[in-house]
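# Structural features, examined
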Amino acid sequence: MKYAIVTGVSKGLGASIATYLLESGIHVFGLSRTGNDGLYVTASENNMQYEHLSCDLSSKESLIETVQMIQEQLRKRAVDKLYVVNNAGVVEPIQRATKIELEDWYEHYQVNVFSPIYILSTLIKDAEDVEVYGVNITSGAAERATYGWSAYGSSKASLNMFTKTLALELDHTDDKHKVFAFSPGIMDTDMQAQIRKQDEDAFRDVDTFRKYKETEALSTTHQVASILVDILTDEVGIENGKIYSVRDYL
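In this report, we go over the structure that sits alongside the text. Note that this is a predicted model, so its numbers are computed, not measured. (Residues numbered from 1 in each chain as written. Predicted model: local features only at pLDDT ≥ 70, side-chain atom pairs only at ≥ 80, totals over all residues. Heavy atoms only, no water.)

So, about the packing of helix α3 (residues 60-75) against helix α4 (residues 102-126). Where α3 meets α4, the closest approach of the two axes is 11 Å, and the angle between their N-to-C directions is 25 degrees. Relative to α4, the element α3 is oriented roughly parallel. Note on packing geometry: the crossing formed by α3 with α4 is right-handed. Along the contact surface, α3 presents K60, L63, I64, V67, I70, Q71, L74 and R75, while α4 presents Q110, S115, Y118, I119, T122, L123 and D126. Grouping the constituent residues of the contact of α3 with α4 by class yields eight nonpolar, four polar and three charged. (Axes fitted to C-alpha atoms, helices over the stretch in contact; angles between N-to-C directions. Helix = DSSP H or I, 4+ residues; strand = E, 2+ residues; numbered from the N terminus. Parallel < 35°, antiparallel > 145°, perpendicular 65-115°, else oblique. Left-handed = near helix turned anticlockwise from the far one by under 90°. Contact = heavy atoms within 4.5 Å. Nonpolar A, V, L, I, M, F, W, Y, C, P; charged D, E, K, R; others polar.)

Written as structure tokens, this is what we have:
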């Protein structure tokens with residue numbers, strides 16, 4: 001039996017990924033602070049199971065409790081393949097590094113780095129007869145410096161290096177598991193709307209992002225999710241530790 005865990009399923013890319021997984025014959029656990037009733041409908045239409053777990057990834061306690069609940073549920077079921085999609089992420093604070101408060105750094109890294117690291121490493125550690133295929137959603141911001149994105153860019157760079165290192169370790173210790181990162185490019189999401197509202201003093205590239213919307217240069221989350229799910233479910237073809245980019249498929 002195949003199961004998937006997707007974080008940030010309430011809307012946007014996470015909701016689209018969960019939809020495609022359910023349509024591909026994979027049961028889904030969805031993690032987010034708020035639910036998405038449409039995913040229950042999709043699950044029912046495809047004779048699959050969808051279960052939502054309310055989780056605040058910015059809270060260490062909520063994260064640990066939720067992962068423990070998932071582990072308990074997985075042990076009760078005949079799972080042979082588990083897909084882990086660490087999709088949830090935040091872009092705030094968008095600000096010059098010297099103006100960011102310590103508390104904001106902590107919260108940002110808790111969501112963008114510590115949560116996906118904990119989820120993926122814990123579930124792989126707990127897997128006995130289960131093959132785990134994990135993907136961390138990254139960004140092109142991990143590869144280049146962007147004014148005002150010291151938090152976002154550095155957190156995604158950290159996630160990339162974790163992905164590569166975990167893959168290297170798995171190659172030497174347990175080659176039944178595979179992990180990779182996926183850069184979805186620019187999509188028409190609430191995060192993009194949030195970016196477009198920024199002041200140029202905090203984010204100098206704001207006009208560029210406004211033009212993406214004006215010129216209809218943004219991909220839909222459904223387009224991106226279909227590509228990601230195709231990569232994730234082609235278990236044999238996954239290159240362990242690779243940083244995939246949607247640009248290579250559109």
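After that view, the rundown keeps rolling.
The omega torsion across E92 and P93 is 5 degrees, close enough to zero to call that bond cis. Mapped onto the elements of the fold, P93 is located in the loop between β4 (81-86) and α4. One non-glycine residue, N47, adopts positive backbone phi at about 55 degrees. Locating N47 in the fold gives a position in the loop between α2 (37-45) and β3 (50-54). Exposure remark for N47: the relative accessible area of 68% places this residue in the exposed category. (Buried < 20%, exposed > 50% of the residue type's maximum accessible area, 1.4 Å probe, protein only.)

Our focus in this paragraph is the environment of D104. Structurally, D104 can be placed in helix α4. Among the residues examined, D104 registers a relative accessible area of 34% and is labelled partly exposed. C-alpha separation for the pair D104 and K76, spaced 28 residues apart in sequence, amounts to 38 Å.

Another aspect to go through is a negative patch on the surface. A grouping of E92, E101, E103, D104 and E107 is seen on the molecular surface, where their side chains present a negatively charged patch. Classification of E101 by relative accessible area gives exposed; the value is 54%. (Patch = residues over 30% accessible without salt bridge, like charges linked within 9 Å, V, L, I, M, F, W, Y side chains within 5 Å. Areas by Shrake-Rupley, 256 points an atom, 1.4 Å probe, with all protein chains shown as cover. Salt bridge = Lys/Arg side-chain N within 4 Å of Asp/Glu carboxyl O. Lys, Arg positive; Asp, Glu negative; His and termini not counted. Charge placed at Lys NZ, Arg CZ, Asp CG, Glu CD.)

Below, the discussion takes up empty space enclosed by the protein. The probe, sized like a water molecule, is rolled over the atoms to show the empty space still left. Scanning the model with the defined rule gives one cavity of 30 Å³ or more in all. Reported here for the largest cavity is a volume of approximately 30 Å³. Lining the largest cavity are T7, L57, N86, N87, A88, V111, S115, P116 and I119. If one sorts the elements of the lining of the largest cavity by residue count, α4 sits on top with four residues. (1 Å grid on protein atoms, 1.4 Å probe; cavity = no way out; pocket = protein on both sides within 12 Å on 5 of 7 lines; lining within 4 Å. Points joined across faces, edges and corners; volume = space filled by probe spheres on them.)

Moving on, we come to helix α1 (residues 12-23). Under the 1.5 Å per step criterion, the end-to-end length of α1 is 17 Å for twelve residues, consistent within 8% with the ideal 16 Å. Taking burial as the measure, the twelve residues of α1 include nine buried ones, the bulk of the element. Looking only at α1, the buried set comprises L13, G14, A15, S16, I17, A18, T19, L21 and L22. Next to the buried residues of α1 lie β1 (2-7), β2 (27-32), α2, β3, β4 and α8 (221-233). Remark: G25 follows α1 within two positions and exhibits a positive phi of approximately 85 degrees. (Expected span 1.5 Å × (residues − 1).)

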